[in-house]
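# Tertiary structure, described
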Amino acid sequence: MEPLERQAQRESWRSRIGFIFAGIGSAVGLVNIWRFPYIVAENGGAAFIVVYLLCLGLVGFPVLVSETLIGRTARRGPVGALCSLATSAPCPQRFWRKTGLGIVITGFIVSSFYSVVAGWMIGYLIEAISGQFASLNSFEVAADQFKSHIGSASWCLGYHFAFMALAIFVLSRGVRQGIESLNKFLMPLLVLLLLFVMGRGLSLPGGKAGMIDFFSLDFTGFTAWTFLTALGHAFFTLSLGQGTMITYGSYLSDRDNIPNSCFPIVFFDTLVSLLAGIAVLSILFAGGEASNQGFALLFSTLPTVFGEIPGGQWVGIAFFLLVLFAALTSQISAIEPIVNYLMDEKKWNRRSAVLCVGGAAFLVGVPSALAFNALRGMTVRGWNFFEWISFITMDLFIPLGGLAAILYVGWVWGTKRAFPYLYGEQIPTFRKGVLLRRYLSLCIRFVAPLAILLILLSALII
Ligand code: PFF
């Protein structure tokens, strides 16, 4: 085993808890609160949840562990890490450098359009605070208002800018003062807000029926696509395949046990998804609304209900605040890999790297912000720019990035050489170590790569 070159004076987490909170902050995002509730409702309730948990165990957790392991061992972001660990790899280092670059660029592109939708949350939070939801007396009125908001280029660009500026501010403060401190503060607050919203939803007449519907076993909507939906969701929600967990892992101390540090991330991400599902469906049922898909759910259906229920203004404020927190902690995790690349590999200082990357991500996000207004007419095969860029990154680049990481650990670096680094300086008990290693090895070498190939194929077929 080659001794790995360690970089002096590199930033790191204050403690393992810092890594766990940052990982949870990255994983818990818009997708947990906005997409999970309706894909569960549409794909068979409890049956979908079981399939989803299976996907997390067989694919999500092993990929998360692999990415963290690459980063922690190399103490570098994706570009440097993939080059330095594969000194005797079959492919030339140039290949791994390009793969690493592709991975950090994917995160950068995600941050450009994620910011556009996250910016809308600021707009809706302001609407909630100023009591605007009270005037939404039907779903149609709310839907029209949403259309008119996103139909305004200045509304979309203004909030996209505001959200990106928030992310730039946090990132410029560094790993400990910025990312770690923000996550340690916002994640507990997010859970409290979520419990408040869920409690209010369940206490409304008809609210409990929403929870029962969420967990009901219904096989009618259950098809082969259900597995692929669960798999794709597990992948995106854990922020895999785009350098975040390699980078966050590179700030983790040598002392820490990687599987033990990754497990709470998967656990809390799933818990938040389930709580969000109960919260959203109970509110929808109480308001007599259907579990609409996509943007309509967050920006039309829920605001209508917030306008109708007693105390709805407070529930609306809490809801959009928690979604905003979730989005901000995910956004910074999408930008950090490329910031880290400029610092590690190009020796930039953090402030310049953050300003440059944040500014560029804002500019790259402009066509996504304009896709709903000024550039609305510009479509290819019926999809606008936003839809194309989110499809290409989320459905193609991210699975490809995850596939590269897992093949790297499983076959290039090799589990035999890689696994001694799993536990850090902690020696696992023999039995636990053997079982865990067998399970991880099987998933990393065979199950996860096959599953990811299936996600890729399904994206190409659709
Ligand atoms: N994990 C985020 C979510 O669940 O919404 C999505 C995400 C954000 C993925 C940021 C990747 C990323 F860099």
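Let me begin by describing the structure that accompanies this report.

Analysis parameters
- Residues numbered from 1 in each chain as written.
- Predicted model: local features only at pLDDT ≥ 70, side-chain atom pairs only at ≥ 80, totals over all residues.
- Heavy atoms only, no water.
- Helix = DSSP H or I, 4+ residues; strand = E, 2+ residues; numbered from the N terminus.
- Rg over C-alpha atoms; globule rule 2.2 N^0.38 Å.
- Buried < 20%, exposed > 50% of the residue type's maximum accessible area, 1.4 Å probe, protein only.
- Contact = heavy atoms within 4.5 Å.
- Areas by Shrake-Rupley, 256 points an atom, 1.4 Å probe, with all protein chains shown as cover.
- Salt bridge = Lys/Arg side-chain N within 4 Å of Asp/Glu carboxyl O.
- 1 Å grid on protein atoms, 1.4 Å probe; cavity = no way out; pocket = protein on both sides within 12 Å on 5 of 7 lines; lining within 4 Å.
- Points joined across faces, edges and corners; volume = space filled by probe spheres on them.
- Patch = residues over 30% accessible without salt bridge, like charges linked within 9 Å, V, L, I, M, F, W, Y side chains within 5 Å.
- Near = heavy atom within 4 Å.
- Polar contact = N/O pair within 3.5 Å; in protein donor to acceptor, adjacent residues only side chain to side chain.
- Sits in = over half its atoms within 2 Å of the grid points.
- Nonpolar A, V, L, I, M, F, W, Y, C, P; charged D, E, K, R; others polar.
- Core = buried A, V, L, I, M, F, W, Y, C linked by side-chain atoms within 4.5 Å.
- Phe/Tyr/Trp six-rings, centres within 6.5 Å; stacked < 30°, edge-to-face > 60°.
- Lys NZ or Arg CZ within 6 Å of the ring centre and 35° of its normal.
- Axes fitted to C-alpha atoms, helices over the stretch in contact; angles between N-to-C directions.
- Parallel < 35°, antiparallel > 145°, perpendicular 65-115°, else oblique.
- Left-handed = near helix turned anticlockwise from the far one by under 90°.

## Quick notes on the overall build of the chain
- Secondary structure assignment for the chain yields 18 helices and zero strands.
- Taking 23 Å as the expected radius of gyration for a compact globule of 462 residues, we find that the chain reaches 22 Å, a close match to that expectation.
- Oriented by its inertia axes, the alpha-carbon framework of the chain measures out at about 65 × 45 × 45 Å.
- Residue burial in the chain is summarised as follows: out of 462 residues, 59% are buried.
- Of the contacts formed within the chain by residues at least 6 apart in sequence, a portion of 83% connects residues at least 24 apart.
- With the model as given, the accessible surface of the chain reaches about 18000 Å², and the carbon-plus-sulfur share is 68%.

## Some remarks on the pattern of salt bridges
- Within this structure, the stated rule accounts for eight salt bridges.
- As a salt-bridge pair, E345 and R97 come within 3.9 Å of each other at their nearest N and O atoms. In this pair, E345 sits in the loop between helix 14 (312-344) and helix 15 (350-370) while R97 sits in helix 5 (residues 93-129), placing the two residues 248 residues apart along the sequence.
- Two residues, E180 and K184, come together in a salt bridge whose shortest N-O distance is 3.0 Å. Separated by four residues within a single helix, E180 and K184 lie in helix 8 (residues 175-203), roughly one turn from each other.
- E180 gets classed as buried once you look at its relative accessible area, which sits at 0%.
- Look at the salt bridges and you will find they share partners, linking E11, E336 and R350 into a network.

## Focus: the layout of surface pockets
- What the largest pocket holds in volume is close to 1200 Å³.
- Together, 34 residues line the largest pocket, and R35, Y38, F391, M394 and D395 are the ones closest to its centre.
- Those elements that provide at least two residues to the lining of the largest pocket are helix 2 (30-42), helix 5, helix 10 (224-237), helix 13 (294-308), helix 16 (385-412) and helix 18 (430-461).
- It is helix 16 that contributes the most residues to the lining of the largest pocket, eight residues altogether.

## Some details on a nonpolar patch on the surface
- A cluster of nonpolar side chains, namely F185, L189, V191, L192 and L195, defines an oily patch on the protein surface of about 430 Å² accessible area.
- Relative to the helices and strands, L189 is located in helix 8.
- For L189, a relative accessible area of 30% corresponds to the partly exposed category.

## Considerations on helix 4 (residues 78-85)
- Taken across its eight residues, helix 4 has seven buried, putting it largely inside the fold.
- P78, V79, G80, A81, L82, C83 and L85 are the residues of helix 4 that are buried.
- Where helix 4 is buried, its residues contact helix 3 (46-74), helix 5, helix 11 (244-250), helix 14 and helix 16.

## Brief notes about the site of the ligand
- Taken together, 15 residues sit near the ligand, with A27, V31, Y114, Q242 and A334 positioned nearest.
- At 3.1 Å, a side-chain N or O of N32 approaches an oxygen atom of the ligand.
- Interatomic distance of 2.8 Å between a side-chain N/O atom of Y114 and an oxygen atom of the ligand.
- When the ligand sits alone it has 340 Å² of accessible area, and the protein chains cover 100% of it.
- When each cavity is represented as a set of grid points, the ligand is found to reside in the largest cavity.
- The set of elements that each furnish at least two residues to the shell around the ligand consists of helix 1 (16-27), helix 2, helix 10 and helix 14.
- Across the shell around the ligand, the residue classes tally to six nonpolar, nine polar and no charged.

## A short note on the nonpolar core
- With 163 residues, the main nonpolar core has I70, W120 and F319 as its most contacted residues.
- For this core, the element with the highest residue contribution is helix 14, accounting for 18 residues.
- For I70, the residues in contact, after removing those within four places along its chain, are A81, L82, L85, I246, A405, Y408, V409 and W413.

## Things to note about the packing of aromatic side chains
- This model, assessed by the stated rule, comprises 34 aromatic pairs.
- Their ring planes at 10° and their centres at 6.4 Å tell us that F48 and Y52 sit as a pair that is stacked. Taken together, the residues F48 and Y52, both in helix 3 and four residues apart, mark about one turn of the helix. The burial state of F48 is the same as that of Y52; both residues are buried.
- Taking 4.7 Å as the distance between ring centres and 75° as the angle between the ring planes, the aromatic pair formed by W96 and Y408 counts as edge-to-face. Here Y408 lies in helix 16 and W96 lies in helix 5, a separation of 312 residues in the sequence. For the pair shown, W96 and Y408 are each scored as buried.
- A cation over a ring is seen here: R445 above W411, with NZ or CZ 4.5 Å from the ring centre.

## Remarks on the packing of helix 7 (residues 153-172) against helix 15
- Contact geometry for helix 7 and helix 15: axes closest at 10 Å, N-to-C directions at 160°. As far as their axial angle goes, helix 15 and helix 7 are roughly antiparallel. Considering how the two elements wind past one another, helix 7 and helix 15 form a crossing that is right-handed. Here A153, C156, L157, H160, F161, M164, I168, L171 and S172 of helix 7 come into contact with helix 15, specifically with R350, V354, L355, G358, G359, A361, F362, G365, V366, A369 and L370.

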